[in-house]
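Residues per chain, in single letters:
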Amino acid sequence: MAVDQLLFGYRDGHELIAGSRPLSAVQQRELLPHIDASFEAADERQLVGAAIPSLDGYLLARIWPAPERPRPGAVWAHALLLSAEQLRFRRLGGLLELLRRPVDERLDGYGDTLPWPRDADLAAAAPPPLAEALTRAAHAGDPRPRVVLWHAASEAEPALLALLDAFPGPARSAFSFRTRERARFGATAYRLQVASVLSGQGAGASDVVIDARQPPSASSRLAS
Amino acid sequence: MRIVLLGEQATGKSSLLVALYGALVNHRAGGLRLVRTVDEVEFLSRGLQAFGRRESVQRTDLDSDARLVVDVARGDEIVSVEVPDRSGELLKHMLDSRVWEPDLHRQIGVAAGAMLFLRADLAIPGAGADAFAEPLAPAGEEPAAAADEAVAWTPALMPADARTVDLLQAVLDAHADRLPLAIILSAWDRVGPTAGAPAAWLAQQMPLLEQFLGAHAGRLPHAVFGVSAQGGDFAVGLADGLVEEDPWDRAFAVRPDEARGPLSEPVLWLLDNAA
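Residues numbered from 1 in each chain as written. Chains lettered and ligands numbered in written order. Predicted model: local features only at pLDDT ≥ 70, side-chain atom pairs only at ≥ 80, totals over all residues. Heavy atoms only, no water.

> I would appreciate a short explanation of helix H10 (residues 265-273) of chain B in the present structure.
Residues three or four positions apart in an α-helix share a direction because the helix packs 3.6 residues into each turn. Across the 9 residues of H10 of chain B, 7 count as buried, placing the element largely inside the fold. For H10 of chain B, the set of buried residues is Glu265, Pro266, Val267, Leu268, Trp269, Leu270 and Leu271 of chain B. (Buried < 20%, exposed > 50% of the residue type's maximum accessible area, 1.4 Å probe, protein only. Helix = DSSP H or I, 4+ residues; strand = E, 2+ residues; numbered from the N terminus.)

Quick look at the structure:
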C-alpha cells in the first residue's frame, strides 16, 4: 500500500513542483487554496486536512515559510493524497511522519509514492485542555465551522490526526481542519480551525469559538 | 465603489494597495482623504512596515481574503471603496486552465471599475511574467538537456500581451456593462524617465493589447498609469535622496499626460469614470 505525495513551492508563482501523480488544471485549482498560506514568523507552520472531490480523495498537507526563495511570502507545501479507500479503511496515525520540508532546495524523492507508514499512537500527544476542546469542536451538533484557540496551533497536529482516525471510515471525509496563526471568521472551507488569534468580521462572536487557553469553566461558557 | 484587481502574480497589486493605504493615512493621497477604515488593515500595516524596512511586500496567498475597504472623501463627497486583494496565482491558473475562478468571476460581475496590472520592466519580448521566477528542478534533472526537446504548447507559454487580451475577452463576457479600466504599469521606476507617456510605452511594448483596448474603448474605457509603489528597486538600492524618505513620500504615479502625481491618481480616474 502506497500513498501519493505532492510538493508545491514558488517557481513561476506558487505551483506544483514535484509529485507522484499528475494533476489536471481543475484538480490543481481545487488544491491550491489548501496548500498555500501566509506566515508572520519563520518558525510557523500549518497543517491542513480536507476532502478534495475532484480527486475523490483526501488531502493532508503541511505548509512552511520558504524564506530562502526569492519572492517574499513564498512557501513550501508537502501534501499526501489519500484515496477514498485509504481514508475509509486505514489507520492514519503515522501519516504526520511522512510530511517533510525540502532542505537546501533538494527535491529528490518527492516524485515517488511513499510506503504507508506504521501506525503511531497520537492520542496522548496533545495537552488535555486542547484535546478536550478539539473533541468538542469536532463533534459539535450543528454544521457551523468551529475555531479552537490555543497558544501554539501546531501543538494540535497529532490530536487532529487522532480525531480524524477516530471517526468511522465513512465519516472521515466530512472532517476538515486547518491549523494557523490567525483563524478566519466567516466563510471558511474548514470544519475546524485551530489558531492562536481570531481575525475577520464577526471575530467577537464567541458561540463557535472554544478558547482552550482559558480554565475549563470559562471555556464551557464560550462553547456552544 | 467596488474595484477589482486584475493581475497575475508579482505584478504589484498588493504593493499598490499597501502604498495607497500609506498615502491615505499620511495625507499624501492628493484629492482623496481617508474618512475611516471599514475592515481589518493588519495586512496593510504589515506591508507598510516592510516598505519602511525597504523590503518588498509579501505575496498574497491563494487562501487569503484580504481586502482594502475604506471610506474616502473627495471634496464634500464621501465614497466607500472596496478592493479585494486576491492572489495573482488565481488569475494565472484561470488563464492556464481556461476556466473562470468563481470568486474572481463574481467580483468582475459586480465591479464598478477595474485595475489591470502589468509589470513595466517585464513586458519586453522574451521576459518572463514573474520577476521572482527562479528555476527549481528535482535533483538529477538537467535543464540544459531539456532545452533541446520540443515543449507542448500550453496557455502558460503565451506572452503577457496575448494573455492580457485573453483575460480582457473573458472580462467582456463576464461584465455586461461598461467597465472603466485603469491600466497600471507597475515598477515604473525601473523603466526610467526616458520611457515617455505610459500609454505610448504600452503601445510600443504591447501593441496587441493596445489595439484591443482601442477596439473596445466603449466597453472598456481606459487610462494608462505608470506606478512605483516602492519608489525604487530595493534589490539594487534606492537612489540618493530616497533612502531617508517615508514609503508614502517615495511612491508615485505617472498620469497619462506624463505628469507625476500621488498613488491615488488611478483611483481618482476610476471614480470619475465609473458609471
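> Can you walk me through the packing of aromatic side chains in this structure?
Note on aromatic pairs: each is described by the distance of the centres and the angle between the planes. Residue and element names in this part refer to chain A. Within the structure shown, the criterion is met by 4 aromatic pairs over all chains. Taking the centre distance of 5.1 Å and the plane angle of 40° together, the rings of phenylalanine 167 and phenylalanine 175 count as tilted. Owing to a relative accessible area of 13%, phenylalanine 167 belongs among the buried residues under this scheme. For phenylalanine 175, a relative accessible area of 2% puts it in the buried group. These aromatic residues form a ring-pair network of at least three members: Phe167, Phe175 and Phe177. (Phe/Tyr/Trp six-rings, centres within 6.5 Å; stacked < 30°, edge-to-face > 60°.)

> Quick question: what am I supposed to make of the side chain of arginine 163 of chain B here?
All names here are of chain B. Positionally, arginine 163 belongs in helix H6 (residues 160-174). Taking relative accessible area as the criterion, arginine 163 reaches 5% and is therefore assigned buried. At a separation of 2.8 Å, a polar atom in the side chain of arginine 163 contacts the side chain of glutamate 8. Contact partners of arginine 163, with chain neighbours within four places excluded, come to Glu8, Lys92, Leu95, Asp96, Pro155, Ala156 and Met158. (Polar contact = N/O pair within 3.5 Å; in protein donor to acceptor, adjacent residues only side chain to side chain. Contact = heavy atoms within 4.5 Å.)

> Looking at this structure, I do not really get the interface of chain B and chain A. What am I missing?
Note on interface size: it is often stated as the accessible area lost on association of the parts. Taken together, the contact pairs 33 residues of chain B with 35 residues of chain A. When chain B packs against chain A, the two sides together hide about 3100 Å² of surface, and 51% of this comes from carbon and sulfur. Counting across the chain B and chain A interface gives 5 salt bridges. Here aspartate 36 of chain A makes a salt bridge to arginine 59 of chain B, at a shortest N to O gap of 2.6 Å. Run the count over chain B and chain A and you get 11 residue pairs in polar contact (both at pLDDT 80 or more). Considering only residue class, the side of chain B that touches chain A consists of 13 nonpolar, 6 polar and 14 charged. (Buried area = accessible area lost by both parts, 1.4 Å probe. Salt bridge = Lys/Arg side-chain N within 4 Å of Asp/Glu carboxyl O. Nonpolar A, V, L, I, M, F, W, Y, C, P; charged D, E, K, R; others polar.)

> Would you take a moment to explain the sheet that holds strand S2 (residues 33-37) of chain B for this structure?
Strands in a sheet are paired, the pairing made by backbone hydrogen bonds, and the direction either parallel or antiparallel. Residue and element names in this part refer to chain B. Across the sheet, 3 strands lie side by side as S2-S3-S4; this open sheet has antiparallel pairing. Edge strands, defined here as strands with exactly one partner in the open sheet, are S2 and strand S4 (77-84). Strand after strand, the sheet turns through a mean of 30° between neighbouring axes, direction not considered. As defined by bridge partners, strand S3 (residues 67-74) adjoins S4 across 8 bridges and the pair is classed as antiparallel. Bridge assignment links arginine 67 to a residue of S4, and that residue is proline 84. (Pairing = 2+ DSSP bridges. Axes fitted to C-alpha atoms, helices over the stretch in contact; angles between N-to-C directions.)

> Which parts of the structure should I look at to understand the packing of helix H3 (residues 88-97) of chain B against H6 of chain B?
What describes two packed helices is the angle between their axes and the distance between those same axes. All names here are of chain B. Closest axis-to-axis distance for the H3/H6 pair is 11 Å, and the angle between their directions is 85°. Viewed along their axes, H3 and H6 adopt a mutual orientation that is roughly perpendicular. When H3 is examined against H6, the residues Leu91, Lys92, Met94, Leu95 and Asp96 are found in contact with a partner set consisting of Arg163, Asp166 and Leu167. Split by residue class, the contact of H3 with H6 holds 4 nonpolar, no polar and 4 charged. (Parallel < 35°, antiparallel > 145°, perpendicular 65-115°, else oblique.)

> It is not clear to me how helix H7 (residues 198-205) of chain B should be interpreted in this structure. Could you clarify?
Residue and element names in this part refer to chain B. Among the residues of H7, those classed as buried are Pro198, Trp201 and Leu202. The buried residues of H7 occupy one face: seen down the axis, they fall within an arc of 100°. Turning to H7, the residues buried within the fold contact strand S5 (113-119), strand S6 (181-186), helix H8 (207-215), strand S7 (222-228) and strand S8 (252-254). (Arc of directions from axis to C-beta.)

Interpretation note: all reported values are geometric properties and have no functional meaning in isolation.
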